[in-house]
Amino acid sequence: MLFSENIKIAIRALRANKMRSVLTILGIVIGVATVVALLSIGEGATASITSQIQSGGSNLLTVSPGKQQNMMSGTGQSRQASHMYYDDYQLLERGLASNISAMVPVYQSSYTVKFGGESFNTNIVGVMEDHKDVRSFAIAEGRFITDGDNKSQSLVAVLGDTVARDLFGTLSPIGKTISINGVKFQVAGVLESKGASLGSPDDNIFIPIETGYAKLFGETALYNGRKTVNNILISVETTSAMDTVSAQAEYLIRRSHELAPTDELDFSVQSQADTLETLNSVTQTLTIFLGAIAGISLLVGGIGIMNIMLVTVTERTKEIGLRKAVGATKNQILTQFLIETVTLSLLGGILGILLGVGIALFFSVTGLIGSVITANSILLAFFFALVIGVFFGLYPAFRAANLHPMVALRYE
Amino acid sequence: MIHAEELMKVYQMGDNEVRALDGASFTIEKGEMVSIMGPSGSGKSTLMSIIGCLDAPTGGKYLLDGVAVENLDETQLAEVRGRKIGFIFQQFNLLARTSALENVMLPLTYAGVTGKEREARAMKALERVGLGDRTHHAPSELSGGQQQRVAIARALVNEPAILLADEPTGALDSKTGVEIMDLFQSLHRESGQTVILVTHDAYVARHTERIIRLSDGAIVSDEANLNPIKAGTPRAEE
Ligand SMILES: Nc1ncnc2c1ncn2[C@@H]1O[C@H](COP(=O)(O)OP(=O)(O)OP(=O)(O)O)[C@@H](O)[C@H]1O
Ligand SMILES: [Mg+2]
């Protein structure tokens, strides 16, 4: 019997029970969609992290308070217990002489921003002039924060792309006055968008860090009367010097924090590569976790299909008896029902792929998470659907093939 | 040639055993037209299903063209059912939502006939039973008599040597029944097919050349009917 003929029979049978067919493949649709969306988003996250590492300057060291900055184990406790101080920055400025191209402190906190009728909370980042080079920012309009701004503690602000658009729409923000937590700042510049990547400046407002300490951050930025920072960014001249500079910085801060050689560090010096590794391990854990959910969904979907196929075989017992009576062999019946199951699961697979691609596109278009749809993920999903169809179709198909023709014909 | 010796078919129902066939022996030569009669439950359908290789006897011997059917494997049985035997069921057993033409093509499909030839042969069979203009109707769009004709066309399409019909006129009115009998007679006359049909109706049985009577699974009489009625001639006083 021709393959196309079997497909035709399968489609006719599936159309005879449209609603049932749709419900049956739902499990597969969800499972496959999850697999496709997951792989695409995972791929996108990796790509965006990697590109960000490259765009943020590859020879960047980040000194931050708390132990190893790991998303999974970096608990609030260990962070609260330790602080980075503005003094630490000055210490490093003095102590690290060679191989450094720039070094900047960062203090950031969330405040309400207002302009005209617009008002929302966003991240205010206190920075120095070199911050722009260290983070490879590009200016879209106006200028960035300067050393002069810091010296005179000017009330100027530079807006990220999203903030600028949310506050001003199509208006040019340059020269306008915005209010941050009630303090008036004049907009001096707007940054170019860096897209929906991790740590993108788009949602941030940059102000001179000295202005921040003096007029905005207030008591919260102090600890025991000392000015704190969120982290210190060190741009190293060459990749080969990274380890040396990292060790020097660690030594200097360890001494200033008066830690005994056996004490655990209350801060960390991480390169972008370290961050990448940490993030990747997080992404990987998430991928495995969600992958397991997708797997379970596929399994449940497969069992659902098998269940319905068993019902179908029972319902069509008379048909099977008749087919045998007019000369169908065991193998022909087996093939017919196997193809029917595979058609069902592949249909689910195709719908799932479409849905998964849709979800992935939705994420990247809305800018939530970048996603990259690869041919591999689609092939993998298709293959999964095929395997499930064959695996869960075999038993019902064998049941059908082994029916005794006379018993089947007499079945009521 | 059909040769049966001491055929037994015993169903075990709990402690009772039901003897659907209880030692039936007979021989039907190639080209004969035979009817099988008997009260309900006497084993007629059981016997037909054994002759049609749809079921195996629990005892005795059944030779089809000299071959012991019990020695055939599944694939060989499928081939016999598909090519040597045309089975017409009392309940028609047509595939729903499937056109008359496709129903008739079914045995050809399993026999490996494809494409234009398959369609042409199915068309020819439908024309033979007078349904050339109903090829694309699904069973639900056909009358009972038309459905029975589709079932007959399906049984004919592979040009089997043996036609088996279990109460082919049972569900039809007498006029349609006569038309069906006419069809069987002409098939028998023109292609020399062996025709075996089961009937309750003595008038239908008298259209055949030989009448076998069953009772409780055994043959109680087996007689020649020297002057079979020619279908379509006015019904004589009973
Ligand atoms: N699967 C089965 N299990 C048990 N008994 C069965 C089975 N099939 C048939 N029988 C019994 O075998 C006997 C013969 O059945 P069969 O169908 O051959 O009768 P029949 O002569 O065709 O009757 P009718 O004229 O009513 O169609 C009956 O008594 C029936 O109950
Ligand atoms: Mg019967």
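Residues numbered from 1 in each chain as written. Chains lettered and ligands numbered in written order. Predicted model: local features only at pLDDT ≥ 70, side-chain atom pairs only at ≥ 80, totals over all residues. Heavy atoms only, no water.

**Considering the overall build of chain B**
Okay, step 1: Across its full length, chain B holds seven helices and ten strands.
Okay, step 2: For 238 residues, the compact-globule estimate of 2.2 N^0.38 gives 18 Å, and chain B sits close to it at 18 Å.
Okay, step 3: Viewed in the frame of its principal axes, chain B has a C-alpha envelope of about 50 × 50 × 35 Å.
Okay, step 4: The buried share of chain B, reckoned over its 238 residues, is 55%.
Okay, step 5: Expressed as a percentage of contacts within chain B between residues at least 6 apart in sequence, the contacts between residues at least 24 apart total 69%.
Okay, step 6: Total accessible area on chain B stands at roughly 10600 Å², and carbon and sulfur atoms take up 48% of it.
Okay, step 7: Here chain B contributes 24 positive and 33 negative side-chain charges, whose respective centroids are spaced 5 Å apart. (Helix = DSSP H or I, 4+ residues; strand = E, 2+ residues; numbered from the N terminus. Rg over C-alpha atoms; globule rule 2.2 N^0.38 Å. Buried < 20%, exposed > 50% of the residue type's maximum accessible area, 1.4 Å probe, protein only. Contact = heavy atoms within 4.5 Å. Areas by Shrake-Rupley, 256 points an atom, 1.4 Å probe, with all protein chains shown as cover. Lys, Arg positive; Asp, Glu negative; His and termini not counted. Charge placed at Lys NZ, Arg CZ, Asp CG, Glu CD.)

**Digging into the pairing of strand β4 (residues 59–64) of chain B**
Residue and element names in this part refer to chain B.
Okay, step 1: Inspection of the sheet shows strand β1 (residues 2–13) paired to β4 by five bridges, in the antiparallel sense. Residue pairing across strands places His3 opposite Leu63, the latter belonging to β4.
Okay, step 2: For β4 and strand β5 (residues 67–68), the ladder comprises two bridges, and the chain directions are antiparallel. Residue pairing in the sheet places Leu63 in a bridge with Ala68 of β5.
Okay, step 3: Here β4 hands over to β5 after two residues, with Asp65 in that stretch at a positive phi of 50°. (Pairing = 2+ DSSP bridges.)

**Describing the sheet that holds strand β10 (residues 222–223) of chain A**
All names here are of chain A.
Okay, step 1: Sheet architecture is open: three strands sit in the order β2-β11-β10, paired in antiparallel fashion. Edge positions in the sheet fall to β2 (84–85) and β10, since each has one partner strand and no second.
Okay, step 2: Pairing geometry for β10 and strand β11 (residues 226–229), over two bridges, is antiparallel. Residue pairing in the sheet places Leu222 in a bridge with Lys227 of β11.

**Topic: the domain arrangement of chain A**
How big an interface is tends to be stated in terms of the accessible area lost upon association of its parts.
Okay, step 1: With domains assigned, chain A is organised as domain 1 (3–52 + 278–410) and domain 2 (101–232).
Okay, step 2: Each of domain 1 of chain A and domain 2 of chain A has a C-alpha centre, and the two are 51 Å apart. (Domains from an automatic or database assignment.)

**A closer look at the interface of chain B and chain A**
Okay, step 1: Counting residues at the interface gives 23 residues for chain B, matched by 24 residues for chain A.
Okay, step 2: Summed over both partners, the interface of chain B with chain A comes to about 2100 Å²; 61% of that surface belongs to carbon and sulfur atoms.
Okay, step 3: Considering only the surface of chain B that becomes buried against chain A, Leu54, Arg81 and Tyr110 of chain B emerge as the three largest contributors, covering 30% of it.
Okay, step 4: Across the contact surface, chain B and chain A share three salt bridges.
Okay, step 5: Across the pair Arg12 of chain A and Glu102 of chain B runs a salt bridge whose closest N-O atoms are separated by 2.9 Å. (Buried area = accessible area lost by both parts, 1.4 Å probe. Salt bridge = Lys/Arg side-chain N within 4 Å of Asp/Glu carboxyl O.)

**Looking at a negative patch on the surface**
Okay, step 1: There is a patch of like negative charges on the surface, built from Glu93, Glu129, Asp130 and Asp147 of chain A.
Okay, step 2: On the secondary structure map, Glu93 of chain A appears in helix α4 (residues 86–95). (Patch = residues over 30% accessible without salt bridge, like charges linked within 9 Å, V, L, I, M, F, W, Y side chains within 5 Å.)

**Brief notes about the site of ligand 1**
Okay, step 1: In the neighbourhood of ligand 1, 15 residues make up the surrounding shell, with Ser40, Gly41, Lys44, Ser45 and Thr46 of chain B lying closest.
Okay, step 2: More than one chain approaches ligand 1, the contributing ones being chains A and B.
Okay, step 3: Within the side chain of Ser40 of chain B, an N or O atom sits 2.4 Å from an oxygen atom of ligand 1.
Okay, step 4: Contact between ligand 1 and Ser42 of chain B: an oxygen atom at 3.2 Å from a main-chain N or O atom of the residue.
Okay, step 5: With the chains in place, 70% of the 630 Å² that ligand 1 exposes on its own is no longer accessible.
Okay, step 6: Listing elements by their share of the shell around ligand 1, those giving two or more residues are β1, β2 (16–28) and α1 (44–51) of chain B.
Okay, step 7: Looking at the shell around ligand 1 element by element, the count peaks at three residues for α1 of chain B. (Near = heavy atom within 4 Å. Polar contact = N/O pair within 3.5 Å; in protein donor to acceptor, adjacent residues only side chain to side chain.)

**Quick look at the packing of helix α10 (residues 272–315) of chain A against helix α12 (residues 330–365) of chain A**
Residues and elements named next belong to chain A.
Okay, step 1: The interhelical angle for the contact between α10 and α12, taken along N-to-C directions, is 140°, at an axis separation of 11 Å. Taken together, the axes of α10 and α12 are oblique relative to one another. As for the relative orientation of α10 and α12, their crossing is right-handed in sense. For the pair α10 and α12, the contacting residues are Ile305, Met309, Thr312 and Val313 in the first and Phe337, Glu340, Thr341, Leu344 and Ser345 in the second.
Okay, step 2: When its residues are assigned to classes, the contact of α10 with α12 shows five nonpolar, three polar and one charged. (Axes fitted to C-alpha atoms, helices over the stretch in contact; angles between N-to-C directions. Parallel < 35°, antiparallel > 145°, perpendicular 65-115°, else oblique. Left-handed = near helix turned anticlockwise from the far one by under 90°. Nonpolar A, V, L, I, M, F, W, Y, C, P; charged D, E, K, R; others polar.)

**Considerations on the packing of aromatic side chains**
Okay, step 1: Applying the stated criterion across every chain, the model contains 13 aromatic pairs over all chains.
Okay, step 2: Summarising the aromatic geometry, the rings of Tyr86 of chain A and Tyr89 of chain A are spaced 5.6 Å apart at their centres and angled 55° between planes, so their arrangement reads as tilted. Linking Tyr86 of chain A with Tyr89 of chain A, this pair stays in helix α4, spanning three residues, or about one helical turn.
Okay, step 3: Tyr89 of chain A gets classed as buried once you look at its relative accessible area, which sits at 6%.
Okay, step 4: Pairing Phe87 of chain B with Phe89 of chain B gives two aromatic rings, centres 4.7 Å apart and planes at 15°, and the pair type is stacked. (Phe/Tyr/Trp six-rings, centres within 6.5 Å; stacked < 30°, edge-to-face > 60°.)

**So, unusual backbone geometry**
Residue and element names in this part refer to chain B.
Okay, step 1: We note that Phe92 has phi near 65°; this positive angle belongs to a residue other than glycine.
Okay, step 2: In this structure Phe92 comes out as buried when scored by relative accessible area, which is 11%.
Okay, step 3: Even without being a glycine, Arg97 presents a positive backbone phi close to 55°.
Okay, step 4: Given the relative accessible area of 56%, Arg97 is considered exposed.

**Comments concerning the environment of Ile209 of chain A**
Residues and elements named next belong to chain A.
Okay, step 1: Tracing the backbone through its elements, the reader meets Ile209 in helix α8 (residues 209–216).
Okay, step 2: For Ile209 and Asn181, which are 28 residues apart along the polypeptide, the C-alpha to C-alpha distance reads 16 Å.
Okay, step 3: With near-sequence residues (within four places) excluded, Ile209 lies in contact with Pro105, Val106, Tyr107, Gly126, Val127, Met128, Asn150 and Phe217.

**Concerning a nonpolar patch on the surface**
Okay, step 1: On the surface, Met19, Val22, Leu23, Leu26 and Ile30 of chain A cluster together into a nonpolar patch covering about 480 Å² of accessible area.
Okay, step 2: By the element assignment, Leu23 of chain A lies in helix α2 (residues 18–55).

**Let's talk about the pattern of salt bridges**
Okay, step 1: Tallied over the full model, the rule gives 23 salt bridges over all chains.
Okay, step 2: A salt bridge links Glu17 of chain B to Arg19 of chain B, with the shortest nitrogen-to-oxygen separation between them at 3.3 Å.
Okay, step 3: Given a relative accessible area of 42%, Glu17 of chain B falls into the partly exposed group.
Okay, step 4: Residue Arg19 of chain B is classed as partly exposed on the basis of its relative accessible area, which comes to 39%.
Okay, step 5: Glu179 of chain B is paired through a salt bridge with Lys175 of chain B; the nearest N and O atoms lie 3.2 Å apart. Taken together, the residues Glu179 of chain B and Lys175 of chain B, both in helix α6 (residues 174–191) and four residues apart, mark about one turn of the helix.
Okay, step 6: Linked by salt bridges that have partners in common, Arg316, Glu319, Arg323 and Glu340 of chain A make up one network.

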